[in-house]
Amino acid sequence: QVQLVESGGGLVQAGGSLRLSCAASGRSFSSSFIGWFRQAPGKEREFVATISTSGAYTYYADSVKGRFTISRDNAKNTVYLQMDSLKPEDTAVYYCAVEGRVNYGVRSSRTYDYWGQGTQVTVSS
């Protein structure tokens, strides 16, 4: 059974940093895009970042570009999201997700079939 487990969330002051991890098990995901999404209270889930199979290509939401960095270690079946210069508006539950069979665009949540349970990130002002 496929499992994705996020970790690394927490409470941080504005301007601080956190590093999220997403560990995958059940199968290898080295041939899949893996993305990060987030959902704040009362808002829809939104795209944050995604990374190609080899890690050569990365895509970011405009709101996090220049502050967040996505990376992956295929040997460990793990994806990371380094978040720097955090802002209160980054507060949300962060989810990692693995690409499914149908590509609706790398920024669309519909492209991703497997999801983790999420990890809370809270940025205080």
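**Considerations on the side chain of Ser52**
Piece 1. Along the chain, Ser52 falls in the loop between strand S5 (46–51) and strand S6 (58–60).
Piece 2. According to the relative accessible area criterion, Ser52 is buried, its value standing at 4%.
Piece 3. Among the polar contacts made by the side chain of Ser52, one reaches the main-chain amide nitrogen of Ala56 at a distance of 3.3 Å.

**Things to note about the pattern of salt bridges**
Piece 1. Taken as a whole, this structure holds four salt bridges when the rule is applied.
Piece 2. Of the charged contacts in the structure, one is a salt bridge between Arg38 and Glu46, with a shortest N-O distance of 2.6 Å.
Piece 3. Note on Glu46: relative accessible area 36%, which makes it partly exposed.
Piece 4. Arg67 is the partner of Asp90 in a salt bridge, and the nearest nitrogen-oxygen pair spans 2.8 Å. Linking Asp90 in the loop between strand S8 (78–83) and strand S9 (92–99) with Arg67 in the loop between S6 and strand S7 (68–73), this pair joins segments that are 23 residues apart in sequence.
Piece 5. Given a relative accessible area of 11%, Arg67 falls into the buried group.
Piece 6. Shared partners join several salt bridges into a network, and the residues in it are Arg38, Glu46, Arg67 and Asp90.

**What about the packing of aromatic side chains?**
Piece 1. Counted under the stated rule, the structure contains six aromatic pairs.
Piece 2. Joined through ring pairs, the aromatic side chains of Phe37, Phe47, Tyr112 and Trp115 make up one cluster.
Piece 3. Here the guanidinium or amino end of Arg19 rests over the ring plane of Tyr80, the centre of that ring lying 4.0 Å away.
Piece 4. Above the ring of Trp115, the side-chain terminus of Arg45 is found at 4.7 Å from the ring centroid.

Procedures and definitions
- Residues numbered from 1 in each chain as written.
- Predicted model: local features only at pLDDT ≥ 70, side-chain atom pairs only at ≥ 80, totals over all residues.
- Heavy atoms only, no water.
- Helix = DSSP H or I, 4+ residues; strand = E, 2+ residues; numbered from the N terminus.
- Buried < 20%, exposed > 50% of the residue type's maximum accessible area, 1.4 Å probe, protein only.
- Polar contact = N/O pair within 3.5 Å; in protein donor to acceptor, adjacent residues only side chain to side chain.
- Salt bridge = Lys/Arg side-chain N within 4 Å of Asp/Glu carboxyl O.
- Phe/Tyr/Trp six-rings, centres within 6.5 Å; stacked < 30°, edge-to-face > 60°.
- Lys NZ or Arg CZ within 6 Å of the ring centre and 35° of its normal.

Structural measurements only, silent on function.
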